[in-house]
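Inside the fold
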Amino acid sequence: MNADKTIVYVGSYSERPEGEWLQGKASNYSIQAYEFNKTDGSLKLLKEYLSDYVGKNSIYMCTTKSGDFLYSINSLVGQNEESNVVSFKIDKNNNGELVKINSIEGTGGQNAVHISLDESENFIFIAHYDNGGSLSVYERNSDGSIGQRVFLDSFNAGNLHSVYSYKNKYIFAPDLGQNKILNYEYNELTGKFIQNPNQPDGLGTESGPRHLVIHPNGLYAYIVHEFSNDISILSIDSSSGILSIVVDKISTLPSSASSDGQFAGAIRLSLDQKFLYVSNRGKTNSIGAFEILENGAKLSFIGAYDTYGKIPRDFFVLKEHLIVLNQNSANAYTYKINKDGSLVKLFGPIKIGLPLAVIAIEF
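So, here is what we can say about the structure in this document. (Residues numbered from 1 in each chain as written. Predicted model: local features only at pLDDT ≥ 70, side-chain atom pairs only at ≥ 80, totals over all residues. Heavy atoms only, no water.)

1. Re the pattern of salt bridges
Here the structure, examined in full by the defined rule, presents nine salt bridges. The salt bridge involving E15 is made with K56; its shortest N-O contact spans 3.5 Å. Of this pair, E15 sits in the loop between β1 (6-12) and β2 (29-36) while K56 sits in the loop between α1 (51-54) and β4 (58-63); the two residues are 41 residues apart in sequence, bridging distant segments of the chain. Relative accessible area serves as the criterion here: at 35%, E15 is assigned to the partly exposed category. Exposure remark for K56: the relative accessible area of 32% places this residue in the partly exposed category. Its salt-bridge partner being K47, residue E97 comes within 2.5 Å of it at the nearest N-O pair. Separated by 50 residues along the polypeptide, E97 in strand β7 (residues 97-110) and K47 in strand β3 (residues 43-50) bring together distant segments of the chain. If you follow the salt bridges from partner to partner, you end up with R210, E226 and R281 in one network. (Salt bridge = Lys/Arg side-chain N within 4 Å of Asp/Glu carboxyl O. Helix = DSSP H or I, 4+ residues; strand = E, 2+ residues; numbered from the N terminus. Buried < 20%, exposed > 50% of the residue type's maximum accessible area, 1.4 Å probe, protein only.)

What follows is the structure in structure tokens.
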């Protein structure tokens, strides 16, 4: 059955010290909801959610596979306070309205930057960037609420940037500060981790590993490095969880562009798994597009596409469209994904106050 409606949620800074690098202004709204028009690519504002309701600075979000629940983390930048996490029921009978279920204040670390669910959706993972980095795990209750914390791992040095479940057996967590991907064994019954004895020191990489995506075939993953604007293709041994670099340093930039003054951001797969996209923040401000070949073992560069703004921090891929947020320009654009994976701008700019993260559901 084809989805009739697409609702897009954008997380934004509601509080942030102003600076010359920011063209927009922080508002009291941490989440905005839009309806996406598949025909012309337009975004229509449905509702803005005050930080008093959804929390300050909604820096990252995730949803359940059904699209019935949304989870958001609040990053209290520069306040030396632990982050918060909030759960919502998505009311599909009312244009995807977010109905708050509960929130947890103090997630075991400062400046939370990433949230995800395990594959059974019984536990919630949160990565924290500041104070050496930390990783926390919370129970997810059957009513969608956030339960008790069951695990916390804190580090003396590092900047944890994201966390992912692999087949509910292993956990991969890119640590930008330590230049490695942490590797854990995962107990899906308790939500607890231990270092993977097969790769206890994780996989060393270079230049700031930030975000990772796992190919649905489970054989490969793709890690993007923030400071060198490149991707490494990783093989995954499904029995041991060991990660290995297959192809290293695939530039996300056009051949004529230098990585100086560039910082890679988000990385996402197309829904048909044929293409891989990554955002380049800095001089080019673009989305790099790749064709995925040889069952995931090879990438072929298609092109880099202008985001028409500064610092494309995040983007989201729909079946035939891509939505990108330009953080420092405080706007968003939408694109059509062609059959060859290339992008064509459809709509924009739409003004959004200091956007940080975007996610969408279809129903």
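2. Examining the sheet that holds strand β19 (residues 230-236)
As summarised here, the arrangement of the four strands in space is β17-β18-β19-β20, forming an open sheet in which the pairing is antiparallel. Lying at the two open borders of the sheet, with one neighbouring strand each, are β17 (209-214) and β20 (243-251). Direction aside, neighbouring strands of the sheet carry axes that sit 25° apart on average. Of the strand pairs in this sheet, β17 and strand β18 (residues 220-225) are connected by five bridges, and their pairing is antiparallel. Each residue of the ladder has a partner; that of P209, found in β18, is H225. (Pairing = 2+ DSSP bridges. Axes fitted to C-alpha atoms, helices over the stretch in contact; angles between N-to-C directions.)

3. Notes on the pairing of β7
Here nine bridges tie strand β6 (residues 82-91) to β7, and the two strands are oriented antiparallel to one another. Bridging from a neighbouring strand, V85 pairs with I104 of β7. Connecting β6 to the next strand, β7, in antiparallel fashion are five residues, including N95 with a positive phi near 55°.

4. What to know about the packing of aromatic side chains
Inspection of every chain in the model, using the stated rule, returns eleven aromatic pairs. Taking 6.4 Å as the distance between ring centres and 20° as the angle between the ring planes, the aromatic pair formed by Y49 and Y53 counts as stacked. Y49 gets classed as buried once you look at its relative accessible area, which sits at 3%. For Y53, a relative accessible area of 33% corresponds to the partly exposed category. Ring geometry for Y184 and F193: centres 5.2 Å apart, planes at 50°, overall tilted. Owing to a relative accessible area of 4%, Y184 belongs among the buried residues under this scheme. Here F193 falls in the buried class, since its relative accessible area comes to 5%. (Phe/Tyr/Trp six-rings, centres within 6.5 Å; stacked < 30°, edge-to-face > 60°.)

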